[in-house]
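Fold and contact review
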Amino acid sequence: MNHFDVGELRSQFPILQQRVNGQPLVYLDNAATTQKPDSVIDAIANYYRNDNANVHRGAHALSDRATEVFESARQKVAEFISASSKDEVLWTRGTTESINLVASSWGGQNLSAGDRILVSAMEHHANIVPWQMVAEKHGARVEPIPVDADGSINMAAFVSLLDERVKMVAVGHVSNALGSINPVSEIISLAHGVGARVLIDAAQSIAHWPVNVAELNCDFYAFSAHKMFGPTGMGVLYGKRECLESMPPYQGGGEMIETVSFAGTTFNKLPYKFEAGTPNIAGAVGLAAAVEFLQGIDRTAADQHETQLLARAEQELDALGGYQIVGKASQRVAVLSFIGDFAHPQDIGMILDKQGVAVRTGNHCAQPIMDQFGIPGTVRASFSLYNTVEDVDRLIAGLAKAKMFLA
Ligand code: PMP
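Source: prediction; values computed, not measured.

1. Details of the site of the ligand
Contacts to the ligand come from Gly94, Thr95, Thr96, His124, Ala126, Asn176, Asp201, Ala203, Gln204, Ser224, His226 and Lys227. Thr95 places a polar main-chain atom, nitrogen or oxygen, 3.4 Å from an oxygen atom of the ligand. Contacts to the ligand include His226, whose side-chain N or O atom sits 2.7 Å from an oxygen atom. For the ligand, whose unbound accessible area comes to 390 Å², protein coverage reaches 83%. Along the lines of polarity and charge, the residues of the shell around the ligand split into two nonpolar, eight polar and two charged.

Encoded structure:
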């Protein structure tokens, strides 16, 4: 039976049990990467201890076993996101590579001079730069969907940007810089209305709630294992079969081919057509363990827990004074992005670190939205399901000290 008990959950994360700078660690950099439970660490170690071999080359027992765990991980992820087939689940190195794959392969095939690509003004650089690169090659252009002062997409402006020259709409499900949850279902159906394809950058949403890509009806859905309690260097690109079938390979090499000769080469079927070279087998094993970890949790309760932490942090920050929250969209995940009136975000972050509180400072790879707000960056405290009320209080106590030292 699923359950949610924060104390019990924390005990599954060995890294959280340590002291940093003489204080028990308060880890609030979960939007950058989440920590890993024992089950994920053990799954990876067990794979290397017992099953390690190259996959799909099947001449011996270890290779058969490695192939079995690798492909069953793909099946598990397909079910986790409700893809209609595991052929629609491609392994990548992470969200960045997933988006680059679509920009390069789909974009290279489908974009021509005068075409338009819409991305929101608060996208992560990973969902801007690959589009700029392919747009430049083909004479297309990348245009921002305006974002309001509260950090929400201006939907009226989005609608007015849509026409038949828009070929791709690429938006984040959740902003990593501000925590805003974007109305992706509405965005997808409006974009489809003008014949555009839609890519959802799910790097920041995948850890927060279950997704059903078939219901969402997005064309592409990209995420990273390391932001959902899995390993780094491992990611997923979901693509609708009709899109993936018609796209050319992204990289060439072993595994992605059917036959190779100097007269010409034919390509493998999905999903292997997009997976050149030896894949990150241990990464897939670790991701499958992370999926199992999430499936064992009451995710509604986890979401409520995080929302309560955010509400408490906001309230206490307001009461403290001297700090301003940046981005207050009505729909948000538990990300508190803020600035101090009296100091640079980096200085505030350093004082928090001295007290064992880990946050991120800077532009969070979302420079355009920081420029729009006229700030160099923010301090970002991002909560996960293993954070506690005590973590919030330690953050606020740290910020009180920062104010005392720096103001
Ligand atoms: N998009 C968003 C919204 C992100 O937060 C991140 C990671 N910070 C990325 C894309 C890139 O993810 P990765 O570095 O795992 O490829």
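2. So, the sheet that holds strand E16 (residues 360–362)
Within the open sheet, the four strands sit side by side as E13-E14-E17-E16. Their pairing is antiparallel. Where the open sheet ends on each side, the last strands, each with one partner, are strand E13 (323–325) and E16. Across the sheet, the axes of successive neighbouring strands diverge by a mean angle of 30°, strand direction being ignored. Looking at chain direction, E13 and strand E14 (residues 335–340) are connected through three bridges and run antiparallel. Residue Ile325 lies in a different strand from E14, and its bridge partner there is Phe338. Docked against the sheet, helix H12 (residues 345–354) engages E13, E14, E16 and strand E17 (378–382), running at close to 40° with respect to E17.

3. Let's talk about the sheet that holds strand E7 (residues 166–172)
Here we have seven strands laid out as an open sheet, ordered E4-E10-E9-E8-E7-E5-E6, and mixed in their pairing. The outermost strands of the open sheet, each flanked by one partner alone, are strand E4 (89–92) and strand E6 (141–145). Mean inter-strand twist for the sheet, computed between neighbouring axes without regard to direction, equals 20°. Here strand E5 (residues 116–120) runs beside E7; their pairing, made up of four bridges, is parallel.

4. Section: the domain arrangement of the chain
Once the domains are mapped, the chain shows domain 1 (6–30 + 298–406) and domain 2 (42–295). Computed from C-alpha coordinates alone, the two centres of domain 1 and domain 2 are separated by 29 Å. Listed per partner, the contact involves 30 residues of domain 1 and 28 residues of domain 2. Carbon and sulfur atoms make up 59% of the area that domain 1 and domain 2 hide from each other, which totals about 2300 Å². The largest per-residue losses of area from domain 1 upon contact with domain 2 belong to Arg299, Val333 and Cys365, which jointly make up 29% of the total buried on that side. Seen at the junction of domain 1 and domain 2, the total is zero salt bridges. On the surface where domain 1 and domain 2 come into contact, there are 14 residue pairs in polar contact (both at pLDDT 80 or more). At the level of elements, helix H11 (299–320), E14 and helix H13 (367–373) are the ones that each hand at least two residues to the side of domain 1 that touches domain 2. In terms of residue count, H13 provides more of the side of domain 1 that touches domain 2 than any other element does, six residues in total. Classifying every residue of the side of domain 1 that touches domain 2 by side-chain character gives 15 nonpolar, nine polar and six charged.

5. Examining helix H3 (residues 61–80)
Its 20 residues place the ends of H3 28 Å apart at the C-alpha level, agreeing with the 28 Å of an ideal helix rising 1.5 Å per residue. Buried positions along H3 lie against helix H2 (38–51), E4, strand E9 (220–224), strand E10 (235–239), helix H10 (281–295) and H11. Directly after H3, the chain includes Ser82, whose backbone phi takes a positive value near 60°.

6. Overview of the packing of aromatic side chains
A complete count under the given rule lists 10 aromatic pairs for this structure. Summarising the aromatic geometry, the rings of Phe13 and Phe293 are spaced 5.6 Å apart at their centres and angled 80° between planes, so their arrangement reads as edge-to-face. On the criterion of sequence distance, the pair formed by Phe13 in the loop between helix H1 (6–10) and strand E1 (19–20) and Phe293 in helix H10 is long-range, its members being 280 residues apart. We note that Phe13, like Phe293, is buried. An aromatic cluster is present here, built from Phe13, Phe229, Phe293 and Tyr386 joined pairwise through their rings.

7. What about the nonpolar core?
Counting 78 residues, the largest nonpolar core has Ile81, Trp91, Val169 and Tyr221 as the members making the most contacts within it. If you tally residues by element for this core, the top one is H10, at 11 residues. With residues near it in sequence (within four places) discarded, Trp91 still touches Phe70, Ala73, Arg74, Val77, Met234, Gly235, Val236, Glu275, Ala284 and Leu287.

8. Quick notes on the packing of H2 against H10
Describing two packed helices takes the angle between their axes plus the distance from one axis to the other. Across the interface, H2 lies against H10 with an axial gap of 8 Å and an inter-helix angle of 150°. When the axes of H2 and H10 are compared, the crossing they make is right-handed. Facing Ser39, Val40, Ala43, Ile44, Tyr47 and Tyr48 of H2, the residues of H10 in contact are Ile281, Ala282, Val285, Gly286, Ala289, Ala290 and Phe293. Here the contact of H2 with H10 is composed, by residue class, of 11 nonpolar, two polar and no charged.

9. Some details on the packing of helix H4 (residues 95–110) against helix H5 (residues 129–138)
H5 packs onto H4 with a crossing angle of 20° between their chain directions and a minimal axis gap of 9 Å. In terms of orientation, H4 lies roughly parallel with respect to H5. Considering how the two elements wind past one another, H4 and H5 form a crossing that is right-handed. Contacts between H4 and H5 involve Ile99, Asn100, Val102, Ala103, Gly107 and Gly108 from the former and Pro130, Trp131, Val134 and His138 from the latter.

Reading the values: rules and limits
- Residues numbered from 1 in each chain as written.
- Predicted model: local features only at pLDDT ≥ 70, side-chain atom pairs only at ≥ 80, totals over all residues.
- Heavy atoms only, no water.
- Near = heavy atom within 4 Å.
- Polar contact = N/O pair within 3.5 Å; in protein donor to acceptor, adjacent residues only side chain to side chain.
- Areas by Shrake-Rupley, 256 points an atom, 1.4 Å probe, with all protein chains shown as cover.
- Nonpolar A, V, L, I, M, F, W, Y, C, P; charged D, E, K, R; others polar.
- Pairing = 2+ DSSP bridges.
- Helix = DSSP H or I, 4+ residues; strand = E, 2+ residues; numbered from the N terminus.
- Axes fitted to C-alpha atoms, helices over the stretch in contact; angles between N-to-C directions.
- Contact = heavy atoms within 4.5 Å.
- Domains from an automatic or database assignment.
- Buried area = accessible area lost by both parts, 1.4 Å probe.
- Salt bridge = Lys/Arg side-chain N within 4 Å of Asp/Glu carboxyl O.
- Expected span 1.5 Å × (residues − 1).
- Phe/Tyr/Trp six-rings, centres within 6.5 Å; stacked < 30°, edge-to-face > 60°.
- Buried < 20%, exposed > 50% of the residue type's maximum accessible area, 1.4 Å probe, protein only.
- Core = buried A, V, L, I, M, F, W, Y, C linked by side-chain atoms within 4.5 Å.
- Left-handed = near helix turned anticlockwise from the far one by under 90°.
- Parallel < 35°, antiparallel > 145°, perpendicular 65-115°, else oblique.

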